[in-house]
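As a plain string of letters, each chain reads:
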Amino acid sequence: MAGLGGDALTWKEFGEEHLAALTGLAEACLAADGGLPLFARPPLLRARLLQTRTLGAWHDGGLIAAVGVGTAREPATSTGLVHPAWRGRGLGGRLLSWAGEQAGDADLLLTTESWNPGADALFTAHGFERTFTEWVLRHDLTELPEVARPDGLRTEPVALDTDLFETYRASFADRPGFAAPTAEEWLGELRDDDEYRPDLSMLARGPDGRPVGFLNILDNWIDQVGVVPEWRGRRVGAYLVASALRSLADHGAREAWLCVNENNPAAALYRRLGFRDAGRRARYLHRRS
């Protein structure tokens, strides 16, 4: 495959030994397009690109395009990147065709953590349907919002117990497609996550002591915010987020992040609280049948 796309490119598989080159490629794409900054960190980079089959394009010793395809499950999965300086030369289409060949007769799910309009047009032209889009939002913690505590509300650090899980379930049960995990699964994932901050995460209770909302923090990310239906519209979510931002700042963080589905009305709330757009991430599905 030497010379594919012109300019004397060398195409070959990549692996763990090329992690530094993959990081540089991901960072270049994030700088140009925005998106999920965690994508340039080893755990997510490995998960997205070091899959069953890999293919990279090299020019003068530098990695300028890469794709990974996972074939162990249905649908097959894939993530690809083209360096911003090398776009418009057909490399993305070649990566996409190669990924489709590796998937064979299986449906193919594409994940992009650094979305851009060109990739969207490419995927759509090849018969992929966008099934999921999230905004990535960033907050500069030098400017903090002020939100008054709702009447009767009190907050406390979370405990990994039934109260937290039931509040999560009650907060999200009315969302389309919500499938509740078991308490053991959900609490276990939090317990096992080294970046989970139970000291900064919060459970909110009403005057009668019943839980009415919660907020979970991973590192400097607001991971989940939920309010039970009967307490919505009382600025509970806004108060929890503003309190979390202040706590992060007090603990030395300079910025805070969160992701929100593009169709979620909470996106407007987060922007009013000072979050700014930092890109998007998305998934696309191509069905063979």
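Presented here is a report on the structure given in the accompanying data block. (Residues numbered from 1 in each chain as written. Predicted model: local features only at pLDDT ≥ 70, side-chain atom pairs only at ≥ 80, totals over all residues. Heavy atoms only, no water.)

**Quick notes on the packing of aromatic side chains**
Which entries qualify depends on this criterion: Ring pairs shown here join Phe, Tyr and Trp side chains whose ring centres sit within 6.5 Å, with only the six-membered ring taken for Trp; geometry is labelled stacked below 30 degrees between planes, edge-to-face above 60, and tilted in between. To qualify as a helix, a DSSP run of H or I must reach at least 4 residues; to qualify as a strand, a run of E must reach at least 2; elements of each kind are numbered from the N terminus. Burial classification: accessible surface area is computed with a 1.4 Å probe over protein chains only, and a residue below 20% of its type maximum counts as buried, one above 50% as exposed, and the rest as partly exposed. Only lysine NZ and arginine CZ atoms are considered, and such an atom sits over a ring when it is within 6 Å of the ring centre and within 35 degrees of the ring normal.
Summed over all chains, the structure comprises 13 aromatic pairs. On the numbers, 4.8 Å between centres and 70° between planes, the contact of Phe123 with Tyr284 is edge-to-face. Placement of Phe123 in helix H4 (residues 117-125) and of Tyr284 in strand S12 (residues 276-286) is noted, with a sequence separation of 161 residues between them. Tyr284 matches Phe123 in its accessibility class, with the two residues each being buried. Between Tyr168 and Phe172 the ring centres are 5.4 Å apart and the planes differ by 45°, which places this aromatic pair in the tilted class. Of the two residues, Tyr168 and Phe172 both sit in helix H5 (residues 162-172), 4 residues apart, roughly one turn of that helix. Each member of the pair, Tyr168 together with Phe172, is buried. Positioned above the aromatic ring of Trp58 is the side chain of Lys12, whose terminal nitrogen or guanidinium carbon lies 4.9 Å from the ring centre.

**Quick notes on the layout of surface pockets**
Short version of the rule: Here a cavity denotes grid points, spaced 1 Å and computed from the protein atoms alone, that fit a 1.4 Å probe unable to get out, and a pocket denotes an open set having protein on both sides within 12 Å along at least 5 of 7 lines; residues with an atom within 4 Å of a point are the lining. Grid points are joined across faces, edges and corners, and a volume is the space filled by probe spheres set on the points.
As a volume, the second largest pocket reaches approximately 440 Å³. Lining the second largest pocket are 27 residues, with Val82, Gly92, Ala119, Leu122 and Phe123 sitting closest to its centre. Sorting the residues of the lining of the second largest pocket by element identifies helix H1 (19-33), strand S4 (76-82), helix H3 (91-103), strand S5 (108-112) and H4 as the ones contributing at least two each.

**Quick notes on the pattern of salt bridges**
Definition in use: Each reported salt bridge corresponds to a side-chain nitrogen of Lys or Arg within 4 Å of a carboxyl oxygen of Asp or Glu.
By the definition in use, this model includes 21 salt bridges. A salt bridge links Arg281 to Glu134; the nearest nitrogen and oxygen atoms lie 2.7 Å apart. On the criterion of sequence distance, the pair formed by Arg281 in strand S12 and Glu134 in strand S6 (residues 129-140) is long-range, its members being 147 residues apart. Through salt bridges that share partners, Arg48, Glu113, Glu134 and Arg281 make up one connected network.

**Re the nonpolar core**
Spelled out, the test is: Residues grouped as a nonpolar core are buried Ala, Val, Leu, Ile, Met, Phe, Trp, Tyr and Cys residues, joined through side-chain atoms within 4.5 Å. A contact between two residues is defined here by any heavy atoms of the two lying within 4.5 Å.
Counting 33 residues, the largest nonpolar core has Leu215, Ile222, Val241, Tyr270 and Phe275 as its most contacted members. Elements with a contribution of two residues or more to this core: strand S8 (202-205), strand S9 (211-218), strand S10 (221-227), helix H7 (236-250), strand S11 (255-261) and helix H8 (266-272). With 9 residues, the single largest contributor to this core is H7. Apart from residues lying up to four places away in sequence, Tyr270 is in contact with Leu137, Val225, Val241, Leu258, Val260 and Phe275.

**A short note on H3**
For clarity, the threshold we go by: A helix's residues, less one, multiplied by 1.5 Å, set its expected span.
The end-to-end C-alpha distance of H3, which contains 13 residues, comes to 19 Å, matching closely the 18 Å that a straight helix rising 1.5 Å per residue would cover. Among all positions of H3, only Leu91, Gly93, Leu95, Leu96, Trp98, Ala99, Gly100, Gln102 and Ala103 are buried. On its buried face, H3 sits against strand S1 (10-12), strand S2 (53-59), strand S3 (62-70), S4, S5 and H4.

**A few points about the side chain of Gln51**
Worth spelling out the cut-off: Any N or O atom pair separated by 3.5 Å or less is treated as a polar contact, with the protein-specific requirement of one donor-capable and one acceptor-capable atom, and with residues adjacent in sequence counted only for side-chain atom pairs.
Note on placement: Gln51 falls in the loop between helix H2 (42-49) and S2. A distance of 3.1 Å separates a polar atom in the side chain of Gln51 from the backbone nitrogen of Gly70. If near-sequence neighbours (up to four positions away) are discounted, Gln51 is found in contact with Gly68, Val69, Gly70, Thr77, Ser78 and Thr79.

**Concerning unusual backbone geometry**
For the bond from Glu74 to Pro75, the omega torsion is 0°, close enough to zero to count as cis. With respect to the element layout, Pro75 can be found in the loop between S3 and S4. Even without being glycine, Asp60 reaches a positive phi, approximately 50°. Within the secondary structure layout, Asp60 lies in the loop between S2 and S3. Accessibility expressed as a relative area gives 75% for Asp60, which makes it exposed. Backbone geometry places Asp219, a non-glycine residue, at a positive phi of 55°.

**Comments concerning the state of the cysteines**
To keep it simple, the criterion reads: Here, two cysteine sulfur atoms that lie within 2.5 Å of each other are counted as a disulfide.
Evaluated as defined, the whole model comprises 0 disulfides. As a non-bridged cysteine, Cys29 has Cys259 as the owner of its nearest cysteine sulfur, 17 Å distant. Assessed through its relative accessible area of 24%, Cys259 is described here as partly exposed.

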